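Residue-level structural notes
Take a look at the letters that make up each chain.
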Amino acid sequence: METSNCAPHGLWSISLDEGLTTIAGMGFTTLRLPFSNECLSASATSSINANVNPGLDKLTPLQLLDTVIARAKAHGLSVILDRHRPDSGAQSELWYTAQYSEKRWIDDWTMLAARYKNDSTVIGVDLHNEPHGQACWNCGDPARDWRAAATRAGNAVLAVNPRLLIIVEGVERQNDGSSTWWGGGLKDARSAPVTLSVANQVVYSPHDYPASVFAQSWFSDPRYPANLEALWDANWGYLAKENIAPVLLGEFGTKLETASDQKWLSTLVGYLANRGISYAYWSFNPNSGDTGGLVADDWRTPQTAKLRALAPILTPVPQPTPTATPKPTPSATPKPTATPKPTATLTPKPTATATPKPTPSPTPTPTSTPKSTRPLAPAAITATWIPQSTWGEGYVAELTVTATGGPVTAWTVSWSSPGATAVVNAWGMVCGIQSSTVTCRGDGWATAPAPGQTVRVGLQVAATSAPSSPRLTVTAR
């Protein structure tokens, strides 16, 4: 619920209950649910197929959030709320931006804490997704010190609901000069822990990814993957190993297409199992650009290879038939229920979103660059159309874009789409419509695919009809 749709993706293809049934049936216990502050105040959602999800399209994002939480409860799932972005456009290095202040961040968290205070389904709050770049840990600069900001926000939330778990991610750049994944560095929590007004509510939450997401230096170590456990122990695993605090590996995932990724996942699953560390897999959704999902593009077919790899830490159980979905109403406050205190040894699991994983920016090591004696091949790309869903008011489609020549600095794809009136949302691209032709250019993480690399991008179009297999016109430079 963090993109401009302000609704979980996939509701154009499957019902909310079908998705939750699949997640619970795989053996997960908890849903990590991303949102943006922009969506919390929005008046409407988009991309929900009303024929498949009757009534949900009429709800505000907050009312839809109420419904997702209520249906998660019916399926036996707990919920962790994840502030994934300030606005629906992009993630932010820090917990605030010029448009969304720290006060707005904390005010929204206390609003949500009050809204679900009497609903034991909501067990925790992931304060800010993937601090990175300028973000520091205990550096003393109030504009950049993530540990201090997490303390302020955590105490504000606990003042409203002292039972909530306060989930604190790490930073990219640690005080010893090392860099890791966005949100992944918690080495400095040993000497400078987050100490809140209510004891035993802090859960530290790193993120970790394979070489296919970014070629970190440790993937080229000749000892790989035997070097990984010591790396994880140093950056965050020591917290659990030494019983300092609970750890939730808040994101990890892969398309599982390379031998390196397979080794990484196998080693990580074994590490989690041996340490008894909780985790949330990224992601259920198939349209996460760097990792894909746990279901195929139809949002239904299980990705069996991934589930087999996760089997040592999953316990699939038969699911009871949930109660019928109540007809959504504009009520702003869900019916209260008794609130038992959650434990700090939960095993939270995955969430779903279309957000592609960002590329971290570790400190580069200068190297000499030999002079090339052979001219580079010209930039070139190919693109493949992947239809996702069509309904009376529009369609969703994705594209795989592959760099087939030399280095690409920019690319565009266009196609004829009679009846198209607007591009509602896009990921990995910026798109526009002129004279019934949709033209998109690569943007952000998908701007410059490396030679041989394939990126997966997509968009939602408001239209009276959808092309089934349009002729694509591609350019690259």
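The structure reproduced in this document is the subject of the present report. Fair warning: this is a prediction, and the values are worked out from it, not measured in the lab.

About the cut-offs
Numbering of residues starts from 1 in every chain and runs along the sequence as written. Note on the predicted model: pLDDT of at least 70 is required for a residue's local features to be given, and 80 or more for side-chain atom pairs to be given and counted; whole-chain, interface and lining totals, by contrast, use all residues. Side-chain measures were taken over the full set of non-hydrogen atoms in the model, leaving aside hydrogen atoms and water. Strands are runs of DSSP state E lasting at least 2 residues, helices are runs of H or I lasting at least 4, and numbering of each runs from the N terminus. With a 1.4 Å probe rolled over the protein chains alone, any residue whose accessible area is under 20% of its type maximum counts as buried; one over 50% counts as exposed, and the rest are partly exposed. Pairing between two strands is assigned when DSSP locates at least 2 bridges connecting them. Note on geometry: axes are lines fitted to C-alpha atoms, helical ones only across the stretch in contact, with angles between N-to-C directions running from 0 to 180 degrees. Salt bridges are identified by distance alone: a Lys or Arg side-chain nitrogen within 4 Å of an Asp or Glu carboxyl oxygen. Side-chain rings of Phe, Tyr and Trp (the six-membered ring for Trp) are treated as a pair once their centres are within 6.5 Å; stacked means planes under 30 degrees apart, edge-to-face means over 60, and tilted covers the remaining angles.

Here the amide bond leading from Tyr224 into Pro225 is cis, since omega sits at 5°, within 30 degrees of zero. Geometrically, the link from Trp282 to Ser283 is a cis peptide bond, its omega value of 0° lying close to zero. For Asn243, which is not glycine, the phi torsion reads 60° and is therefore positive. Within the secondary structure, Asn243 sits in the loop between α6 (228-241) and β6 (248-249). Non-glycine residue Ser436 carries a positive phi angle of around 65°. Within the fold, Ser436 resides in the loop between β12 (429-434) and β13 (437-442). The partly exposed category is assigned to Ser436, whose relative accessible area is 32%.

Attention shifts here to the sheet that holds strand β15 (residues 473-476). Ordered by their spatial adjacency, four strands build an open sheet running β12-β13-β10-β15, and the pairing between neighbours is antiparallel. The sheet terminates laterally at β12 and β15, the two strands that pair on one side only. On average, adjacent strands in this sheet sit at an angle of 15° to one another, irrespective of strand direction. As defined by bridge partners, β12 adjoins β13 across six bridges and the pair is classed as antiparallel. The residue of β13 that forms the bridge with Val430 is Arg441.

Below, the discussion takes up the pattern of salt bridges. Side chains that differ in sign of charge can pair as their charged atoms come close. Inspection of the entire model under this criterion finds 17 salt bridges. Among the salt bridges present, the one from Asp126 reaches Arg32, with a minimum N-O distance of 3.0 Å. Pair noted here: Asp126 is in strand β3 (residues 122-126) and Arg32 is in strand β1 (residues 30-36), with a separation of 94 residues, a long-range link. One salt-bridge network, held together by shared partners, links Arg32, Asp82, Asp126, Glu169 and Glu251.

Before going further, it helps to examine the packing of aromatic side chains. Evaluated as defined, the whole model comprises 20 aromatic pairs. Relative to Tyr209, the ring of Trp181 lies with its centre 6.1 Å away and its plane at 75°, an arrangement referred to as edge-to-face. Note that Trp181 is positioned in the loop between β4 (165-169) and β5 (202-205) and Tyr209 in the loop between β5 and α6, a separation of 28 residues in sequence. Here Trp181 matches Tyr209 in class, with each residue buried. Aromatic pair Phe252 and Tyr281: ring centres 5.1 Å apart, planes at 85°, arrangement edge-to-face. Here Tyr281 lies in the loop between β7 (278-279) and α8 (304-310) and Phe252 lies in the loop between β6 and α7 (259-275), a separation of 29 residues in the sequence.

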